[in-house]
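Summary of the model geometry
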Amino acid sequence: LANIIKNEHQDYTDEEKVAIRKGKEFYEKCKKDEHFDELKSPDDKVKMRLVHVDGASSGTGFATTVVDASVEEGAAYEFYLDSREYLNTSKERGITEYHVKNVNDHTLYYITTRELGLPGFVPRDWRSKVTRFKQDDGKVIIDVTDTEELHEDYPVKAGNVLVKIHTVWVFEPLDPIGGVPQTSVTFTTKVDLGGVF
């Protein structure tokens, strides 16, 4: 997949182009916003910020770090949601069921059911369309957004709550250190888990 991202030209539909444009707009808006609260990250190499309104069920998170990998390797790792590693670690993240349906080399559907791990909260269902795009400047954008597609194939389970989400990954190439590729990775997400917190 990293080789495909690095070397193979991709043709995008108008719908995919719109998804990437909206993803980049969301990322840029969050990047420039000065009303974030700094969060203590469990990893001192990751800077985290959050905007949250008390009583609301949505918040926007923004996290940035640098990884020892190429842009293509980092993007491939996040985009490959159907790997054995992902399957083996999904339960640790509360995922009780997931499905991946590939559209092409740069777009897929990602359907999950998750337990929040909070007493009294019913499981949540996610229905997302994931699109990856490599820009001319070497950046790779991955846009994860809600979709109404596949609801008949994968209906929301009785009693579960449908989550609304928009997530954008940005992988930006940096100068290598000692021959080791360096990539700035930014994760931006806005999630509405449903209900009131």
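Scroll up to find the structure.
Read on for a plain summary of the structure.

**Points about unusual backbone geometry**
- Of note, the phi angle at leucine 150 is positive, near 70°, even though the residue is not glycine.
- Along the chain, the position of leucine 150 falls in the loop between β7 (140–146) and β8 (161–162).
- For leucine 150, a relative accessible area of 14% gives the class buried.

**Brief notes about the pattern of salt bridges**
- Inspection of every chain in the model, using the stated rule, returns 7 salt bridges.
- The closest approach of N and O atoms between lysine 134 and glutamate 72, which form a salt bridge, is 2.7 Å. Of this pair, lysine 134 sits in strand β6 (residues 124–134) while glutamate 72 sits in helix α3 (residues 71–79), placing them 62 residues apart in sequence.
- Accessibility expressed as a relative area gives 26% for lysine 134, which makes it partly exposed.
- With its nearest N and O atoms 3.6 Å apart, the salt bridge here joins aspartate 125 to arginine 127.
- The buried category is assigned to arginine 127, whose relative accessible area is 3%.
- A network of salt bridges, in which partner residues are shared, links Glu15, Lys129 and Glu149.

**Digging into the packing of aromatic side chains**
- Scanning the entire structure with this criterion turns up 5 aromatic pairs.
- Taking the centre distance of 5.1 Å and the plane angle of 70° together, the rings of tyrosine 12 and phenylalanine 133 count as edge-to-face. Residue tyrosine 12 is located in the loop between α1 (2–7) and α2 (14–32), and its partner phenylalanine 133 is located in strand β6; the two are separated by 121 residues in the primary sequence.
- For tyrosine 12, a relative accessible area of 16% puts it in the buried group.
- With a relative accessible area of 25%, phenylalanine 133 lands in the partly exposed category.
- Members of the aromatic cluster, each reached through a chain of ring pairs, are Trp169, Phe171 and Phe187.
- The ring of tryptophan 126 is capped by arginine 114, whose NZ or CZ atom sits 4.5 Å from the centre of that ring.
- Positioned above the aromatic ring of phenylalanine 79, the side-chain terminus of arginine 132 is 5.3 Å from the ring centre.

Thresholds applied
Residues numbered from 1 in each chain as written. Predicted model: local features only at pLDDT ≥ 70, side-chain atom pairs only at ≥ 80, totals over all residues. Heavy atoms only, no water. Helix = DSSP H or I, 4+ residues; strand = E, 2+ residues; numbered from the N terminus. Buried < 20%, exposed > 50% of the residue type's maximum accessible area, 1.4 Å probe, protein only. Salt bridge = Lys/Arg side-chain N within 4 Å of Asp/Glu carboxyl O. Phe/Tyr/Trp six-rings, centres within 6.5 Å; stacked < 30°, edge-to-face > 60°. Lys NZ or Arg CZ within 6 Å of the ring centre and 35° of its normal.

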